Amino acid sequence: MSAPIVIPTRDAPLKIKPSEYVQSIFMFEGKPYSLARYPFYRDIYDCDARRQVLMTGRQCAKSTYKSCRQVAFATALPGFRSAYFTPTRSQTSDFSNMRLQPLIYNTPLVRKFFTDRRLVSNVFNQRFTNGSQLMLRYAFLTADRVRGITTDLNDYDEYQDLIEEVVKILDQSLTTSQYYYQHKAGTPKRMNNSLSRAFMKSTMNFWFVKCRACNHDHPLISPANIGPNGPVCAKCSGTLYPAVDGRWIRTAPLSASCTEGEGFHISKLMLPLSEPAMADLWIHARSDPAYIIMNEILGMPFERNDCPITEPEVQACCDPNYSMDQFVPKKYKGQNLFMGVDWGYGIDSYTVLWVGVPQGDRFRILYCKRFDGMLELDPDYQVETIARMAVAFRVKAIGADWGVGVDKAIMLTGKLKNMGYRPPVILFQANSGGQPLIWTPTERIFHYSKTRVAAERFREMKLKQVIFPKYDEFKTFADDILAIFVDYRTSPQSRGVMYYDHSLPDDAFWAHAYCRMVADVMIYGEAGSDLAPWTV
C-alpha cells in the first residue's frame, strides 16, 4: 500500500514513507507535526493508489491531511502540479488561508528552501522554487473557470456537494500526467450521494476496534459507540481504545473491481477528543436528529424518513409487459396523447421528454427519452427530435417549463409549424403560491405550486394511478423520481415550510408533471377549444 518518497542526499537517495516525511518536516502552531495520536492516518498518507476516497465526519483532521499531502507532493516531487477543488469560493479561500498558507510559511524548511518572494503566492495559487505548483479553485455548476490547467493531482473536498458531470470535465486536466492522482473527500449525506457512491466503489476500509471486555470487533459507525466519556463497545458498552486497538480492514469483496481505488472511513470517535469535547459529543448524540449524528459525528450516510416515494412503490407502477421499444404503439394511435418536456442544460440537469395517455382514472406513460451525450446536448438537435416525436405520436398538446426553456419552446413551435403540425405548446412556471394551477393572461403562461403539484404526482404513484413502462427500461427515469426528498425551510421568513428538493437530477419527474398538467388543461380546461392564449 505504501510508496516511499525519494529524497536526494550527498551520499545516496534516501527513501522515506510519506507519513514519516510529513512528520519530519512540517510544523503546526510552532510544534512538529505528529501522527502519534492519529495512527489511522499513517496508512492513508502511505497509500499510493491513484484514486483515493475519504468519507469522514466533521472536524476529523481531513483539511490538515490534505494540506500536508499537497505540500509533501510539491516539495518532494519537482514540477508536481496539484489542484484543490471545492464547491464554493469561501470554502477554497478558507482552506488556503487557514490550512495551506500557515503550513507553508510556519514550516522553516519549506519556507527557506521552497518559497521565494518573486514567485506567485496568493489565495488561489502557490508556486515553489522547484517548479511545483498548487492551484486552488472552486467549481459548483460549471468547470469553465478552471479550464486549461494541467495537473498531476486533483484533490476534491466536500465532494458530496460537487456535481459529478463537472468533476468528469475537471479530470481531463490529468490526461497527460504520469501520476494521475485523484482524491475525493467529504462528509456523506444520503446513500444516493456522489461521495457515498464513490466510497461504495472503493475498497471501503474501516477502522475496526476490538473490545477488551467482550472481544467484539467492529468499526465505530453506530450511535451505540458514543459513550459519555469516550467511544464504547456497541455490544457490551465497554471502553474502547481506537488509537491502540484499531486497524484498517477492507470490507469490499476481494472480487470487487474497486474502480474508485482505496477508500477510508473516519469517524469522529477515532480522534483523541478531550473530556469536554467528548461530553459535548455525548449531549449532541442524545439530542440531535439521527441524520446529524450519522453524518457529522460518525461520518456515515443516512436515509432520512423524508422520501416521498420508495423504489418498490415506483416498481409497482411499472407494467412488465410494456416496452418502450414499441415506438408509437398501434393500440394508442388516434387517442389523446400528450407530451411533457423538461428542458435542461446538460450539467446537473438534462432535457427529458415524456409521452403519456389518460386511461380513465389512470395515466399511462408510453415513451420517455433523456437527451445526454455531446450531440444530444445541442439545442437544435433537441428541438428537431422533440418535434419529430410529437408528429410521430400525433400528440394533442405539449407542456414544457418556462424560464430556461422558453427560447427552446419558441423554437419548437416554429419547427412544428414548418412540419405542418401545430399542437399547442403550453408553458408552466413554478411559483411560491398555494394554488396548484393558475392561468396568467398577461404572461400567457400557467403558474403552479411546485410543492402541491409534486405532492399530487407522488400521491398518484402511491395509489398506482400511473403506469410506467417495464422497470429495466424505466430505471434511469425512476432514479430522477427517487432523487427527490422532503425538506423544511428554516429561515425566519419561512419557518416550518415543507418543500421538495433534490441533490441529483430530477428532470424526468418534472417532464411527467408537465405531461400530466397539459393533459388536465386540455381535457378539463375552462377555455374549451380556444387555446390560442395558452400557447407559445
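What counts as what
- Residues numbered from 1 in each chain as written.
- Predicted model: local features only at pLDDT ≥ 70, side-chain atom pairs only at ≥ 80, totals over all residues.
- Heavy atoms only, no water.
- Helix = DSSP H or I, 4+ residues; strand = E, 2+ residues; numbered from the N terminus.
- Buried < 20%, exposed > 50% of the residue type's maximum accessible area, 1.4 Å probe, protein only.
- Contact = heavy atoms within 4.5 Å.
- Areas by Shrake-Rupley, 256 points an atom, 1.4 Å probe, with all protein chains shown as cover.
- Salt bridge = Lys/Arg side-chain N within 4 Å of Asp/Glu carboxyl O.
- Axes fitted to C-alpha atoms, helices over the stretch in contact; angles between N-to-C directions.
- Parallel < 35°, antiparallel > 145°, perpendicular 65-115°, else oblique.
- Nonpolar A, V, L, I, M, F, W, Y, C, P; charged D, E, K, R; others polar.
- Phe/Tyr/Trp six-rings, centres within 6.5 Å; stacked < 30°, edge-to-face > 60°.
- Lys NZ or Arg CZ within 6 Å of the ring centre and 35° of its normal.
- Pairing = 2+ DSSP bridges.
- Right-handed = clockwise from strand over helix to strand, strands pointing away.
- Polar contact = N/O pair within 3.5 Å; in protein donor to acceptor, adjacent residues only side chain to side chain.
- Core = buried A, V, L, I, M, F, W, Y, C linked by side-chain atoms within 4.5 Å.
- Expected span 1.5 Å × (residues − 1).
- pLDDT = per-residue confidence, 0-100.

A.B. asks: So what exactly am I meant to see when it comes to the overall build of the protein chain here?
C.D. replies: Broken down by element type, the protein chain carries 17 helices and 24 strands. Here the protein chain holds 536 residues, and 51% of them are scored as buried. Contacts spanning at least 24 positions in sequence make up 67% of the contacts within the protein chain whose residues lie at least 6 apart. In the structure as shown, the protein chain presents an accessible area of about 25,000 Å², 52% of it carried by carbon and sulfur atoms.

A.B. asks: How should the environment of Gly 131 be read in this particular structure?
C.D. replies: Its place among the elements puts Gly 131 in the loop between β7 (125-127) and β8 (133-138). Spatially, the C-alpha atoms of Gly 131 and Gly 79 are 4.4 Å apart, while their sequence positions differ by 52 residues.

A.B. asks: What is the right way to read the pattern of salt bridges from this model?
C.D. replies: Should their charged atoms come close, side chains of opposite charge can pair. One pass over the full model with this rule turns up 21 salt bridges. Ionic pairing is found between Glu 313 and Lys 462, a salt bridge with its closest N-O pair at 3.0 Å. Here Lys 462 lies in helix α15 (residues 450-462) and Glu 313 lies in helix α11 (residues 311-316), a separation of 149 residues in the sequence. A relative accessible area of 43% means that Lys 462 is categorised as partly exposed. A salt bridge links Glu 384 to Lys 415, with the nearest nitrogen and oxygen atoms 3.0 Å apart. Here the residue Glu 384 occupies a position in helix α13 (residues 379-393), and Lys 415 occupies one in helix α14 (residues 406-418), the gap between them amounting to 31 residues. Through salt bridges with shared partners, a single network forms among Arg 58, Lys 62, Asp 157, Glu 158 and Glu 296.

A.B. asks: Just to check I follow, could you spell out the packing of α15 against helix α17 (residues 507-524) for this structure?
C.D. replies: Packed helix pairs are specified by the crossing angle of their axes together with the interaxial distance, meaning the distance between the axes. Interhelical geometry of α15 versus α17 gives an angle of 90° and a closest axis separation of 11 Å. Considering the angle they form, α15 stands roughly perpendicular to α17. Seen from α15, the contacting residues are Lys 450, Val 453, Ala 454, Arg 457, Phe 458, Glu 460 and Met 461; seen from α17, they are Phe 509, Trp 510, His 512, Ala 513, Arg 516, Met 517 and Asp 520. Class assignment of the residues belonging to the contact of α15 with α17 gives a composition of eight nonpolar, one polar and five charged.

A.B. asks: What's the story with the packing of aromatic side chains in this structure? I'm lost.
C.D. replies: The way to describe two aromatic rings as a pair is by their centre distance and the angle between their planes. Tallied over the full model, the rule gives 34 aromatic pairs. When the ring of Phe 73 is compared with that of Phe 80, the centres are 4.8 Å apart and the planes differ by 10°; the resulting orientation is stacked. Each ring, one from Tyr 179 and one from Tyr 181, has its centre 6.2 Å from the other, and the planes form 20°; the classification is stacked. One aromatic cluster is present, built from ring pairs that chain together Phe 28, Tyr 33, Tyr 38, Phe 40, Tyr 41, Tyr 45, Tyr 65, Trp 207, Trp 248 and Phe 264. The ring of Tyr 241 has Arg 212 sitting right over it, with the charged end atom 4.2 Å from the ring centre. Lying across the ring of Phe 371, Lys 369 places its NZ or CZ 5.0 Å from the centre.

A.B. asks: Mind showing me how you'd approach the pairing of strand β19 (residues 425-431) here?
C.D. replies: Regular strands have side chains that alternate between both faces of the sheet. Where strand β18 (residues 397-401) lies against β19, four bridges are found, and the strand directions are parallel. Bridged to Asp 401 within β19 is Phe 428. Taken together, β18, α14 and β19 constitute a β-α-β crossover, and its handedness is right-handed. Pairing between β19 and strand β21 (residues 445-449): four bridges, direction parallel. Bridging from a neighbouring strand, Phe 428 pairs with Phe 446 of β21.

A.B. asks: I tried to follow the sheet that holds strand β16 (residues 351-359) on my own but got confused; where do I start?
C.D. replies: Two pairing modes exist for strands in a sheet, parallel and antiparallel, and in both the strands are linked by backbone hydrogen bonds. Reading across from one edge, β20-β21-β19-β18-β15-β16-β17-β22 is the order of the eight strands in this open sheet, with mixed pairing throughout. Looking along the sheet, the strands with just one partner apiece sit at the ends: β20 (438-440) and β22 (466-467). Together, β19, β21 and β22 form the strand contacts of α15, whose direction differs from that of β21 by roughly 70°. Sitting on the sheet, α17 is in contact with β15 (338-342), β16, β17 (362-371), β18, β19, β21 and β22, with an inclination near 140° to β15.

A.B. asks: Is there a simple way to think about the environment of Asn 205 in this case?
C.D. replies: Here Asn 205 lies in strand β11 (residues 205-210). We classify Asn 205 as buried; its relative accessible area is 5%. For the pair Asn 205 and Glu 262, spaced 57 residues apart in sequence, the C-alpha separation works out to 7.5 Å. Setting aside residues no more than four positions away along its own chain, Asn 205 makes contact with Phe 199, Trp 248, Ile 249, Arg 250, Glu 262, Gly 263, Phe 264 and His 265. At 2.9 Å, the side chain of Asn 205 forms a polar contact with the side chain of Thr 203. Here the side chain of Asn 205 touches Glu 262 through a polar contact of 2.8 Å, side chain to side chain.

A.B. asks: Help me understand the nonpolar core, please; the structure alone is not making it clear to me.
C.D. replies: Where a protein is soluble and globular, its nonpolar side chains tend to be buried together. Counting 74 residues, the largest nonpolar core has Phe 26 and Ile 266 as its most contacted members. The element that contributes the greatest number of residues to this core is helix α3 (residues 62-76), accounting for six residues. If near-sequence neighbours (up to four positions away) are discounted, Ile 266 is found in contact with Phe 40, Tyr 41, Ile 44, Leu 54, Met 55, Thr 56, Gly 57, Cys 60, Trp 248, Leu 271, Leu 298 and Gly 299. Val 355, Ile 365, Phe 468 and Trp 510 belong to the second largest nonpolar core, which has 67 residues in total.

A.B. asks: Explanation requested: α13 in the structure shown.
C.D. replies: Since the α-helix packs 3.6 residues into each turn, any two residues three or four apart lie on the same face. Look at α13: 21 Å from first C-alpha to last across 15 residues, which is about the 21 Å you get at 1.5 Å a residue. Packed against the buried residues of α13 are β15, β16, β17, α12 (373-376), β18 and α14. A positive phi of about 55° marks Arg 394, the residue just after α13.

A.B. asks: I would appreciate a short explanation of the confidence of the model for the protein chain in the present structure.
C.D. replies: In regions of low pLDDT, the predicted coordinates are not meant to be interpreted in detail. Confidence in the prediction of the protein chain, expressed as mean pLDDT, is 85, and 88% of residues score 70 or more. Of all secondary-structure elements in the protein chain, the lowest mean pLDDT belongs to strand β24 (residues 497-502), at 52, while strand β14 (residues 262-266) reaches the highest, 97. The model gives residues 8-12 a pLDDT under 50, and that stretch makes two contacts with residues more than four places away or in other chains. Overall, residues 488-498 carries pLDDT values under 50, and its contacts beyond four positions in sequence, including any with other chains, amount to 14 contacts.

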